[in-house]
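Remarks on the overall topology
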Amino acid sequence: MVARAISHLVCSCCITHPTYQSNRSKQLNNKRTAVKLHSSNVSKLLISHVDSGELAEALAVFQTIKNATNFHWNAMIRGHTNCELHEEAIRFYVQMQNAGKVEDKFTFPIVIKSCTRLSFRTQGCTIHAKLIKLGLGSDVFICNSLIAMYSKLGPIESAERVFLDMPARDIVSWNTMIDGYLSNGEGLKSLSSFRQMQKDFGLKPDQCGVMSALRACNKELSPKKGKEIHCYVIKQGFELDNQVITTLLDMYCKCGEMRHAERLFHNMQERNVVTFNVMINGYALSNQPAMAVVSLMEMQESGVEPDAITLLNLIPSLTQLRCSSHGRSVHGFAIRKACLPDLILETALMVMYAKIGELNSAILLFDRMPERTLVSWNAMIYAYVQNGKALEALDLFVILLKEGTSLKPDAFTITNIVPAYSELASLRHAGQIHGYVFKLEYGTNTLVHNSMMHMYSRCGDLNASRKVFDKMLERDVVSWNTIILAYALHGIGSTALDLFKVMKEMGYEPNNDTFQSVLSACSVSGFIEEGWMYFDIMQREYNFSPQIEDYGCMVDLLGRAGDLERAVEFIERMQVAPTAKIWGSLLTASRNNRNIEMAEFAAERILNFGHDNTGCYVILCAMYSDAGRWEDAERIRCLLKEYDLHRTRGRSLVELNKNTCSFVEGEKSHHQIYTILVASDILSMEAGESAVNLLNKFNLQGVLKEKVKQPSRHTVRLAVSFGLISSANGTPVLVKKNIRICNDCHKAVKKISSFTGREIIVGDSTIYHHFNNGKCSCGDYW
DNA sequence: CTAGGGTTAG
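Residues numbered from 1 in each chain as written. Chains lettered and ligands numbered in written order. Predicted model: local features only at pLDDT ≥ 70, side-chain atom pairs only at ≥ 80, totals over all residues. Heavy atoms only, no water.

As recorded by an unreviewed UniProt entry, chain A carries the name DYW domain-containing protein and is attributed to Vanilla planifolia.

Focus: the overall build of chain A
A tally of helices and strands in chain A yields 42 helices and six strands. Considered along the principal axes of its C-alpha atoms, chain A spans approximately 115 × 55 × 50 Å. Burial statistics for chain A: of 782 residues in total, 48% are counted as buried. Counting contacts in chain A only where the partners sit at least 6 residues apart, residues at least 24 apart contribute 62% of the total. If you sum the accessible surface of chain A, you get close to 39,000 Å²; carbon and sulfur atoms cover 52% of it. Distance between charge centres in chain A, computed from 84 positive and 80 negative side chains, equals 6 Å. (Helix = DSSP H or I, 4+ residues; strand = E, 2+ residues; numbered from the N terminus. Buried < 20%, exposed > 50% of the residue type's maximum accessible area, 1.4 Å probe, protein only. Contact = heavy atoms within 4.5 Å. Areas by Shrake-Rupley, 256 points an atom, 1.4 Å probe, with all protein chains shown as cover. Lys, Arg positive; Asp, Glu negative; His and termini not counted. Charge placed at Lys NZ, Arg CZ, Asp CG, Glu CD.)

Some remarks on the protein's contact with DNA strand B
Near DNA strand B, the surroundings consist of 43 residues, among which Asn-144, Asn-175, Asp-206, Asn-277 and Asn-378 are the closest. Here a phosphate oxygen of DNA strand B and a side-chain polar atom of Lys-254 are 3.3 Å apart. Contacts to DNA strand B include Asn-277, whose side-chain N or O atom sits 2.6 Å from a base oxygen. At six residues, the largest contribution of residues to the surface near DNA strand B is made by helix H15 (residues 242-254). Residues belonging to the surface near DNA strand B are distributed by class as follows: 17 nonpolar, 15 polar and 11 charged. (Near = heavy atom within 4 Å. Polar contact = N/O pair within 3.5 Å; in protein donor to acceptor, adjacent residues only side chain to side chain. Nonpolar A, V, L, I, M, F, W, Y, C, P; charged D, E, K, R; others polar.)

Observations concerning the pattern of salt bridges
Within the structure shown, the criterion is met by 23 salt bridges. One salt bridge connects Glu-186 with Lys-189, and the closest N-O pair in it is separated by 3.9 Å. Overall, Glu-186 belongs to the partly exposed group, its relative accessible area being 30%. Overall, the relative accessible area of 37% leaves Lys-189 in the partly exposed class. Here Glu-634 makes a salt bridge to Arg-637, at a shortest N to O gap of 3.0 Å. Here Glu-634 pairs with Arg-637, and both are found in helix H38 (residues 630-642), just three residues apart, close to one helical turn. Of the residues examined, Glu-634 reaches a relative accessible area of 38% and is grouped as partly exposed. (Salt bridge = Lys/Arg side-chain N within 4 Å of Asp/Glu carboxyl O.)

Some details on the UniProt feature "repeat: PPR" (unreviewed entry) in chain A
Residues given the UniProt feature "repeat: PPR" (unreviewed entry) here are residues 69-103, 139-173, 241-271, 272-306, 373-407, 445-475 and 476-510. Secondary structure across residues 69-103 comprises 74% helix and 0% strand; the distance between its end C-alpha atoms is 11 Å. Spanning residues 241-271, this segment combines 74% helix with 0% strand, and its end C-alpha atoms are found 12 Å apart. (UniProt positions renumbered as here; feature names shortened; annotations may be inferred.)

Considering the sheet that holds strand E4 (residues 760-763)
A sheet is described by the order of its strands in space; here six strands give the open sequence E2-E1-E3-E4-E5-E6, paired in mixed fashion. This sheet does not close on itself; its edge strands, each paired only once, are strand E2 (660-664) and strand E6 (775-776). As judged from the four bridges shared by strand E3 (residues 733-737) and E4, these two strands associate in the parallel manner. From the neighbouring strand, Lys-736 faces E4, where its bridge partner is Gly-763. (Pairing = 2+ DSSP bridges.)

Some points on the domain arrangement of chain A
Note on interface size: it is often stated as the accessible area lost on association of the parts. Parsing chain A into structural domains produces domain 1 (1-136), domain 2 (374-575) and domain 3 (651-776). Once you take the C-alpha centre of each, domain 2 and domain 3 turn out to be 29 Å apart. A buried area of about 870 Å², summed over both sides, lies between domain 2 and domain 3, and 52% of it is on carbon and sulfur atoms. For the domain 2 face of the interface with domain 3, the top three residues by lost area are Arg-428, Leu-489 and His-490, together amounting to 48%. On inspection of domain 2 and its partner domain 3, the count reaches seven residue pairs in polar contact (both at pLDDT 80 or more). (Domains from an automatic or database assignment. Buried area = accessible area lost by both parts, 1.4 Å probe.)

Side note on the packing of H15 against helix H17 (residues 273-285)
Packing of H15 against H17 brings their axes to within 9 Å, and their N-to-C directions diverge by 5 degrees. Regarding the angle of H15 to H17, the classification is roughly parallel. Along its contact with H15, which presents Thr-246, Leu-249, Asp-250, Cys-253 and Lys-254, the element H17 presents Val-274, Thr-275, Val-278, Met-279, Asn-281, Gly-282 and Leu-285. Its residues assigned to classes, the contact of H15 with H17 shows six nonpolar, four polar and two charged. (Axes fitted to C-alpha atoms, helices over the stretch in contact; angles between N-to-C directions. Parallel < 35°, antiparallel > 145°, perpendicular 65-115°, else oblique.)

Here is the structure:
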């Protein structure tokens, strides 16, 4: 039965393997010598070849043996297993059975090992059944290899069962089980087994056990337990074992205890590539990218050659230093050192290029990769997303799905592609990807849910977002951050803050992003006192240094309070250099407070950055016009013309049941445009605007030709009107706009929501406005 | 004769 199960492996390619070819010339000689030897000497010769990995020679000797015993067969299998030639090993195993031999207690461990390496779970189970029939079910060696097999191929419960049913366990049994729990993500079980073997069974863990336990500490981020194990290491005199020390070093690095790691590192006798690699990785993890580079230099000074993993571990630090030339030099170094092509390194380089905004380099790498895994695809998809290329990301996603890559998207693919859907902000497409994800059964994946939540809120459906959140079985900090931010994005700060309180009550530990969400919530809803309180708490209680986004929220809040002078003071005292966005917040605040001088001051700062400053000019121009300073307004208009800058064309989308309609400023391509214009004018008039534009049936053409500046013709108005007349009463109307909604439209839509009794949701470039019964969720400040 | 072992991309 076993033979049949694995017979598909049996083919003739064993002879073509390089190990055989390289040694083929020696074969004949060996054959001749072997024939002359006595059988016990033949066995010795066979073993000596097997032990030194000379498989061709071993085979030659084996072939001279007339009545090969189990001993000889086992030796041949073992030789191949040890050389990682597992298919060959299995082939010899099959041949052994065909030769009428019955496996013994020495055969099984090696065969099981090869099955494990080949991920032959079914075959492994068959073998398990067979060895029980043969009465070998209690053999310690066999059980240990079974534990290893079930730990790697699953289910872990089977490994546990074998372990518990053993009449006697040795230290390897424990080590294997401890490591098995660990590789199944069960760090705590791993550590408790480690303790149990000592306390309840009086066993003294060896170096292997210690190393597994230390890695369990990494998983649980428990430097405390790691230190206890460190003490044990010293007591047992394992300090001289380089591998143990390296694992300890890694534990301190991963648990964020760089000081301890550094001390250990400096006291080490012998530092090799791996030691340096661990340190370089540690500096990256603890946000000390410069130290990672220092470590690399130390490494080179002490004559240790970097390898592919060194470069791999270095990449995050170089990315963080945002130094593209260093990044490139790593790439060049990899090529010179012949580290490429290397699947993992190439993917890491791709990610690096994507993060520093060199999308083209990432694309080039991806296109030229000789081999790609799902990870590479996922990384490339995210590379597009990160660089604002949502459509390209979607294209690649579709290629992954359709073209015979035979790869199935996983949870990472989904979390990477979903932001592209958020970017598209199309509810209809959001629903489609949601349905697809549902089919893939990632229904319990927290990451996937988090991205869905974010997508729905970005697409304008706060309820759907909340529904995802409520249904989640396992939430993490990101889930909370996302739902809090969702309410902030929809201008409902009070609910956002309530959720923050619940989050803390439930014992979740807020992080930097949490406070960003919380401060945004305070900012959108104008909770000035709360804003300052949380700004203070995050620094004092949580020791977070404010990020630029946090400062932005505070500037918004100061602006809301009308305290522009204090806002300027605040900006100048920030711990980070102000960005154009920060001055942008001041500009917005100046506009809302009708403070032209301050607006000019902010605009000047923004212009210094030399980006696309169109928006800045547009705001200034509008402010001058509002204040009746026509010459100044005209001056700005001339500047715009001179620099060939064009005001972003207004564009509004309305999401209907089955499709999306787009209205672009100055375009009248919609086939029902006349009806829509009439509807819009009627609604606007009803909302109390003067009827200058009310259409006269007979004068349609004239009206259409006219360059419409009137607010009643703003694209939002058209989108809202069309939404209202083409959807059922009682359903909300969802409109999205690429630029900020103007004051007139905001006022009008409030009234429209009142007399039509409909909820109207308008997402602009900043937030979603929920218009209901004549009020807007933004509290008229945005 | 047989079992477990340091750093590693999204």
